[in-house]
Amino acid sequence: MNWELIFGQIKWTSFVFAGMIENPSLSEAIASGAGSIAVLGALATVVLLTVKGWWVPLWRDWLTSIDHKKVGIMYIAIALVMFARAVIEAALMRAQQLSATDSGGFLSADHFGQLFSTHGTIMIFFVAMPFITGLMNYVMPLQIGARDVSFPLLNAISLMLTMAGAILIMVSLVVGQFSTGGWSAYPPFTGIEFSPGEGVDYWIWAVSLGSIGSTLTGLNFAVTIYKKRCPGMTLFRMPLFTWTTLCTSILMIFAMAPLTAATAMLALDRYAGFHFFTNGDGGNMMNYANLFWLFGHPEVYILILPAFGVWSEVVATFSSKRIYGYTSLVYATMCIAVLSFAVWLHHFFTMGQSANVNAMFGIATMVIGVPTGVKVYDWLLTMVGGRIRFTTPMLFHINFLLTFILGGMTGVLLANPGIDFQVHNTLFLVAHFHNMIIPGVLFGMFAAVQFWFPKMFGFRLHEGLGRASFWCFAPGFLLAFFPLYWLGLMGATRRTYMWTDPDYLPWLALAMAGAALILAGFALMVAQIVVSVRQRAQLAAPLGDPWDGRALEWSIPSPPPEWNFAVLPQVTARDAFYEAKKAGTAYRSPAAYADIEVPRNTATAPLIGLFACAWAFGLVWHIWWLVVVSFVLIWAVVIARSFQTDTEETVPAATVKAANEAFLAAARATPGVSREREMTSDNRGRALPEGLEGRAGPASPGAAVEVLP
Amino acid sequence: MLIVIVPMFVALPLVLWRYRRGGKGTYRPDWEFNWGLELLIWGVPVALVVALGTALWRQTILGDPYRALGPDPLVVEVVSLDWKFLFLYPEQGVATLDLLALPEDRPVTLKLTSGTVMQSFIIPRLAGQIYAMAGMQTQLNLIADEAGDFVGRNTQYNGLGFATQSFTTRVLSPDDFERWVETTKAQGTALDAAGYAGLLPPSVVSEPVLYGQFTPGLFDQVMAGFAPGMFHRGTNHTDMSERHGAAGMAAAPAPHQGHDHTPEAAQ
């Protein structure tokens, strides 16, 4: 038996700690430190689970669950863990650039290259994507009055594939190096000739696992929205978050495929001597650039559209008012989704195509600004005639309107090829896309967490700490990224670990201060969650409607039962729950209950995820026995599952009735809380609707509503 | 563009103040549509895009890096390497590493290719950037109207030496340029295929290197090196060697000036 047969290309020097022993330096120490944190973090988790005896609950209640709500929460948990890593990497890079003016700084060029590659890859594929996917998972079925997504098991498999990719990227902290090719991994630099070793392979397989998961998610959600809407929920009665989920799902179906194709082709180049993107022998990297951005630009809208949906829900709820221009917003969303496939070339105006082609794509890029501008003004008009409460999600929204519109302006500038020729590949570009993604997507997701957290867990988040984190995040973002616009105009290139120009220093210092504020904001957000868990008794809002909500998800208890809706709701208008509250028909008992089928837990998804992770690890390190064994095991699990026929269990009508009647009785008995008292411990989740203060008393059970067969 | 931005910055604080809970604004929870406003929020951006789009089209054609800026341009061939640039002057017969000397006020046509990974070439004070890609040729036209030294660099990450991959662009008066050519010719060192091969391993050049002469056609050989077999295949390629840059784009004619008037390269 030789070593390579068993361990492939792993050597003892592959471990990050070997670098520290062989070649001690601050850069290596930081790499080893990060590796240690990954190892110790994993160990601490194992110890905690063992000491607390949480292994069984973790397996039984979470990992094997295919309930869309739990899947959604697990997605968001992945996003937050990965965010912690990638945001620290960002701060490290800023610190390096700040310290490097005279001395070369404390990070090696190679380490810096790995940092910007992992930062970008993680933020897009393992923070933004799981965050939006988790949120859509949790909220969309509740908003359309469904009991689950159309394919719950497939949903769990998507989650586990994404988790496998995230684990692979965490493993790269400890074993081996990561790619230095950036998140877009342009060949031929990422080809085997110029990037030998495991780095690019880590990128390829982590991203491939994530993108396959996202393709499956897109299919699943689109089918769910088309087929599982409750009676009366026509497309134009759907809440706007559901609309944006639909558009994003369609984009996922079409946009993830080019990425999977591109990573597969790059893998063939690297593993099997193909020449898709190599220098010479018929290879052409321009094909990669086109394929990658054919995914990459719609990806931007895959991320931003769900956030737009969140903003629509937040602004209507906290203005206590109907959304302005619902139809307009729907059409604008659809326009964006379609146009997003027509602008990819603006990522490489500088590749030498003719001026007409550039002009065409430049104008298409500007056109996409029209529906986006319409949406921004629709949100402003939604506030007109409302009663605005300045809650944490609303603060994020106001900040979004102001900063996003500035980012939009720089986007229109960049759409002009003449300007792009000057600032392409500079920090101006970096500032622009962070300006869109941070206030738009990331803060949108943070607002969504503040907004839906009480729905997920039955208690509100601590409002004071939420605001404190906002007041770190918002100015932190401005400080961290607006100086980069200026640096870009001064000629500072992206992905550069050191500059010698002393004029850059003050701006870099400002950016560093901004990064520190963002870190503080994140620390406060973590503190907010911890404090809220401790104070969950005071913050409890089990009656389900803490914000005077408008869509169906607020009509059920918090957290919702496994079956979501005791009886499928019948919808007759937009803002279904708000209309019910207004008409006085909310919290009425249904006439009858029926048995509910819910899917049984299954180990299928976590096993597939585990074997997929092992398969990818084997591929990265050329451990061929592991590749074969894990591949066979993946399909063995799939085949074994296909013989399982007893996949659902029945919740008897009596159980459903007992739970639901208890909830309804409690809701009716509790006096509604007015919006002044929203942030006090009086708020148990029974809202006194704004403008309907006359209905302060307990609701009457009323006539039973009709129940569908 | 400010027509879209400014109203938001003015109106948002006013709306927030007036319609805050407890503010003076009338509460109209069911108000959701107004045709006038709708036309305004769709109409203004559409009109703006029509105006900006027209301007953009004109500017893009005008600012096309392939558009020649005058008759009799000085042609310089640029080969991007790890982590340096090789400049070949076919007219003068000299070559340099990391020094681009240009005469003042004479149109310049840079023809770019790469001997390694893709790079992006820019001299920020003189022109925008364009990619240099192996086996292919791109083009950049510029005129320097002021003597002096300007920094040029690669902006596309290409490994450890990326941060320091810059070169000096030295714009000289026509007489000084002639003198510079003569002195360079007198340097004596020649760059041939073997010398070029010696430049391929990644390295950072601290001081510019001057070559008194170089093997004619070196630029085409560099491009052809990435397409073995393709050079002699296909139809009427007999005159290929006389046509600049034809080798790289496989069977397609290389984009000469005004590439938007020639058919796109057939791959």
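The structure presented is a predicted model; accordingly, all values stated were derived computationally and were not measured. (Residues numbered from 1 in each chain as written. Chains lettered and ligands numbered in written order. Predicted model: local features only at pLDDT ≥ 70, side-chain atom pairs only at ≥ 80, totals over all residues.)

1. Regarding the overall build of chain A
Scanning chain A for helices and strands turns up 22 helices and two strands. Relative to its length of 709 residues, chain A is compact, with a C-alpha radius of gyration of 26 Å against a globular reference of 27 Å. Over its C-alpha atoms, taken along the principal directions, chain A stretches across nearly 75 × 60 × 45 Å. Taking all 709 residues of chain A together, the buried fraction comes to 61%. Pairs at least 24 residues apart make up 83% of the contacts formed inside chain A by residues separated by at least 6 positions. (Helix = DSSP H or I, 4+ residues; strand = E, 2+ residues; numbered from the N terminus. Rg over C-alpha atoms; globule rule 2.2 N^0.38 Å. Buried ≥ 20, exposed ≤ 12 C-beta atoms within 10 Å, placed from the backbone. Contact = placed C-beta atoms within 7 Å.)

2. What about the UniProt feature "domain: Cytochrome oxidase subunit II copper A binding" (unreviewed entry) in chain B?
This chain's UniProt record puts "domain: Cytochrome oxidase subunit II copper A binding" (unreviewed entry) on residues 71-183 of chain B. Measuring from the first to the last C-alpha atom of residues 71-183 of chain B gives 27 Å, for a span that is 9% helix and 53% strand. (UniProt positions renumbered as here; feature names shortened; annotations may be inferred.)

3. Comments concerning the sheet that holds strand β2 (residues 84-89) of chain B
All names here are of chain B. One open sheet holds the six strands; their spatial order is β8-β5-β1-β2-β3-β12, and the pairing between them is mixed. Whereas interior strands pair on both sides, the edge strands pair on one side only; in this sheet they are β8 (138-142) and β12 (209-211). Strand after strand, the sheet turns through a mean of 20 degrees between neighbouring axes, direction not considered. (Pairing = 2+ DSSP bridges. Axes fitted to C-alpha atoms, helices over the stretch in contact; angles between N-to-C directions.)

4. What about the interface of chain B and chain A?
Taken residue by residue, the interface counts 61 residues in chain B and 67 residues in chain A. Only α1 (2-18), α2 (35-62) and β7 (127-132) of chain B provide two or more residues apiece to the side of chain B that touches chain A. Sorting elements by how many residues they give to the side of chain B that touches chain A places α2(B) first, with 14 residues. When its residues are assigned to classes, the side of chain B that touches chain A shows 38 nonpolar, 15 polar and eight charged. (Nonpolar A, V, L, I, M, F, W, Y, C, P; charged D, E, K, R; others polar.)

5. Quick notes on the pairing of strand β5 (residues 108-114) of chain B
Residue and element names in this part refer to chain B. Burial within β5 is extensive, with six of its seven residues counted as buried. Here strand β1 (residues 74-81) runs beside β5; their pairing, made up of seven bridges, is parallel. Considered in β5, the bridge of Ser80 is made with Ser114. Two strands pair when backbone bridges link them, and β5 and β8 are joined in this way by five bridges, in the antiparallel orientation. Its bridge partner being in β8, Leu110 is matched across the sheet by Leu140.

6. Here's the deal with the UniProt feature "transmembrane region" (unreviewed entry) in chain B
Residues annotated in UniProt with the feature "transmembrane region" (unreviewed entry) correspond here to residues 40-57 of chain B. Within the segment residues 40-57 of chain B, helix and strand shares are 100% and 0% respectively, and the terminal C-alpha atoms sit 25 Å apart.

7. What to know about the nonpolar core
Residues and elements named next belong to chain A. Ranked by internal contacts, the top residues of the largest apolar core, which has 283 residues, are Ala164, Leu168, Met445 and Ala616. With 22 residues, the top contributor of residues to this core is helix α10 (residues 285-318). One finds Ile556, Ala566, Leu568 and Ile596 within the second-largest nonpolar core, a separate group that totals eight residues. (Core = buried A, V, L, I, M, F, W, Y, C linked by C-beta atoms within 7 Å.)

8. Comments concerning the packing of helix α6 (residues 109-143) of chain A against helix α8 (residues 199-227) of chain A
All names here are of chain A. Remark: α6 packs on α8, axes separated minimally by 11 Å, with the N-to-C direction vectors making an angle of 20 degrees. It follows that α6 is roughly parallel to α8 by the angle criterion. The handedness of the crossing between α6 and α8 comes out as left-handed. Contacts between α6 and α8 involve Ser117, Thr121, Phe125, Phe126, Met129, Thr133, Met136, Met140 and Pro141 from the first element and Trp203, Val207, Gly210, Ser214, Thr217, Phe221, Thr224 and Ile225 from the second. (Parallel < 35°, antiparallel > 145°, perpendicular 65-115°, else oblique. Left-handed = near helix turned anticlockwise from the far one by under 90°.)

9. Focus: helix α5 (residues 68-103) of chain A
In an α-helix, one turn spans 3.6 residues; hence positions three or four apart end up facing the same way. Here α5(A) contains 36 residues, and its C-alpha end-to-end distance of 52 Å stays within 8% of the 52 Å for a straight helix at 1.5 Å per residue. Phi turns positive, to about 90 degrees, at A:Gly104, one or two residues after α5(A). (Expected span 1.5 Å × (residues − 1).)

10. Focus: the confidence of the model for chain B
Residues of chain B with pLDDT of at least 70 account for 85%, and the chain-wide mean is 86. For this predicted complex, the interface confidence reaches an ipTM of 0.90, while the overall pTM sits at 0.93. (pLDDT = per-residue confidence, 0-100.)

11. Overview of the sheet that holds strand β9 (residues 148-154) of chain B
Residues and elements named next belong to chain B. As summarised here, the arrangement of the five strands in space is β4-β10-β9-β6-β7, forming an open sheet in which the pairing is mixed. The sheet terminates laterally at β4 (99-103) and β7, the two strands that pair on one side only. Pairwise comparison of adjacent strand axes, ignoring direction, gives a mean angle of 20 degrees for this sheet. Two elements, strand β6 (residues 119-123) and β9, share two bridges in a ladder whose sense is antiparallel.

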